[in-house]
Amino acid sequence: MDSTGTESSAGTGAEKDEVAVSLTKATPALAPTTAEEPDLQSHDTFVIKKKLSLTAGEYVVSVARPDGSEGEPVAYAREKRLSLRGQVTVYTDASRKSVLAAFKGRDHEVGYMYDVRDASGQSFGSFYEDAGASFLRRTWQVRQPGTMKLTGRERSRVVAFVRFVWEFVPYLEYVPFIWPYRFEYTESGKTLMTVTKKLGLHTRYVLEILAPDIDRRLAIAHTLALDALEVD
């Protein structure tokens, strides 16, 4: 206390040090921003649009607005040209400095298996085309370890047949198939994901995810494969 009987607010040097240490412990460090890892899991619907490019297949992935239009971009993808097995890298932004996911085909008993990996090279899912079931109606198997096994196939048999014939007509293989089509992905008879190619000259897909556990990176990578691998 001072001469008036009031406690001194200054305190001793030792007391100041104790207070400083106490404040340091009580105030947690701010978490670093993770712009390279967008919060994809909080979104259920995405629009994937292919950009016109003469040098490479490029795509922009955006969150879909309630009216179905393109909202905020959350990923950018680039297809490696002249890759016989298909190779696509997904980036977090247009600078292409940070990898979100990537896939490339490898030999497998079913034909080509596509492992989807993160920036560190760790696989978190895979997919492959079911050759036997795809003769007239294209069918894919999508695997997310420890979570689910999805079977995706074209919903319309008629459109699937027209697309099948389209590929064998001379010179039409170089013309984009502009008519819309839809893939439905099911497990135990329940639809958990859909991919719809929209009508138009510009390549545009709408990816809708109906199960919260599906890794959005895997779903986006597979949607890109539907276009990139078909063109190849």
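Everything discussed here concerns the structure shown above.
Note that the structure is a prediction, hence the values are computed from the model and not measured.

Calculation notes
Residues numbered from 1 in each chain as written. Predicted model: local features only at pLDDT ≥ 70, side-chain atom pairs only at ≥ 80, totals over all residues. Heavy atoms only, no water. Core = buried A, V, L, I, M, F, W, Y, C linked by side-chain atoms within 4.5 Å. Buried < 20%, exposed > 50% of the residue type's maximum accessible area, 1.4 Å probe, protein only. Helix = DSSP H or I, 4+ residues; strand = E, 2+ residues; numbered from the N terminus. 1 Å grid on protein atoms, 1.4 Å probe; cavity = no way out; pocket = protein on both sides within 12 Å on 5 of 7 lines; lining within 4 Å. Points joined across faces, edges and corners; volume = space filled by probe spheres on them. Nonpolar A, V, L, I, M, F, W, Y, C, P; charged D, E, K, R; others polar. Contact = heavy atoms within 4.5 Å. Pairing = 2+ DSSP bridges. Axes fitted to C-alpha atoms, helices over the stretch in contact; angles between N-to-C directions. Salt bridge = Lys/Arg side-chain N within 4 Å of Asp/Glu carboxyl O.

Caption draft 1: Here's a closer look at the nonpolar core. In terms of nonpolar packing, the biggest core is built from 43 residues, with Phe 46, Phe 127 and Ile 214 touching the most fellow members. The element best represented in this core is helix α3 (residues 216–231), accounting for nine residues.

Caption draft 2: Representation of empty space enclosed by the protein in the model. For the structure on display, the rule yields one cavity of 30 Å³ or more. In this structure, the largest cavity spans a volume of roughly 40 Å³. If you go around the largest cavity, the residues you meet are Val 142, Arg 143, Gln 144, Met 148, Leu 150, Met 193, Ile 214, Leu 218 and Ala 219. Of all the elements in the fold, those that place two or more residues in the lining of the largest cavity are β8 (139–144), β9 (148–154) and α3. Among the elements that line the lining of the largest cavity, the one with the most residues is β8, at three residues. For the lining of the largest cavity, the per-class residue count stands at seven nonpolar, one polar and one charged.

Caption draft 3: Inspection of the side chain of Ser 126 at higher detail. With respect to the secondary-structure elements, Ser 126 resides in strand β7 (residues 123–129). For Ser 126, a relative accessible area of 12% gives the class buried. The contacts of Ser 126, once residues within four sequence positions are left out, are Met 113, Tyr 114, Asp 115, Val 116, Gln 141, Val 142, Arg 143 and Leu 218.

Caption draft 4: Quick look at the sheet that holds β9. Spatially, β1-β2-β3-β4-β5-β6-β7-β8-β9-β10-β11-β12 is the arrangement adopted by the 12 strands of the closed barrel, whose pairing is antiparallel. On average, adjacent strands in this sheet sit at an angle of 20° to one another, irrespective of strand direction. As paired elements, β8 and β9 share six bridges and run antiparallel to each other. Bridged to Gln 144 within β9 is Met 148.

Caption draft 5: Representation of the pattern of salt bridges. One pass over the full model with this rule turns up 12 salt bridges. Lys 49 is the salt-bridge partner of Glu 70, the closest N and O atoms lying 3.9 Å from each other. You can see Glu 70 sitting in strand β3 (residues 70–79) and its partner Lys 49 sitting in strand β1 (residues 45–51), a full 21 residues away along the chain. The exposure class assigned to Glu 70 is partly exposed, which follows from its relative accessible area of 28%. With a shortest N-O distance of 3.2 Å, Glu 129 and Arg 138 are connected by a salt bridge. The class for Glu 129 is partly exposed, based on a relative accessible area of 25%. Residue Arg 138 is classed as buried on the basis of its relative accessible area, which comes to 19%. Shared partners join several salt bridges into a network, and the residues in it are Lys 49, Glu 70 and Arg 204.

Caption draft 6: The pairing of strand β11 (residues 190–197), seen in detail. The element β11 is extensively covered by neighbouring structure, given that six of its eight residues are classed as buried. Here strand β10 (residues 181–187) runs beside β11; their pairing, made up of seven bridges, is antiparallel. Bridged to Tyr 185 within β11 is Met 193. The loop that links β10 with its antiparallel partner β11 comprises two residues; one of these, Ser 188, has a positive phi angle of about 55°.

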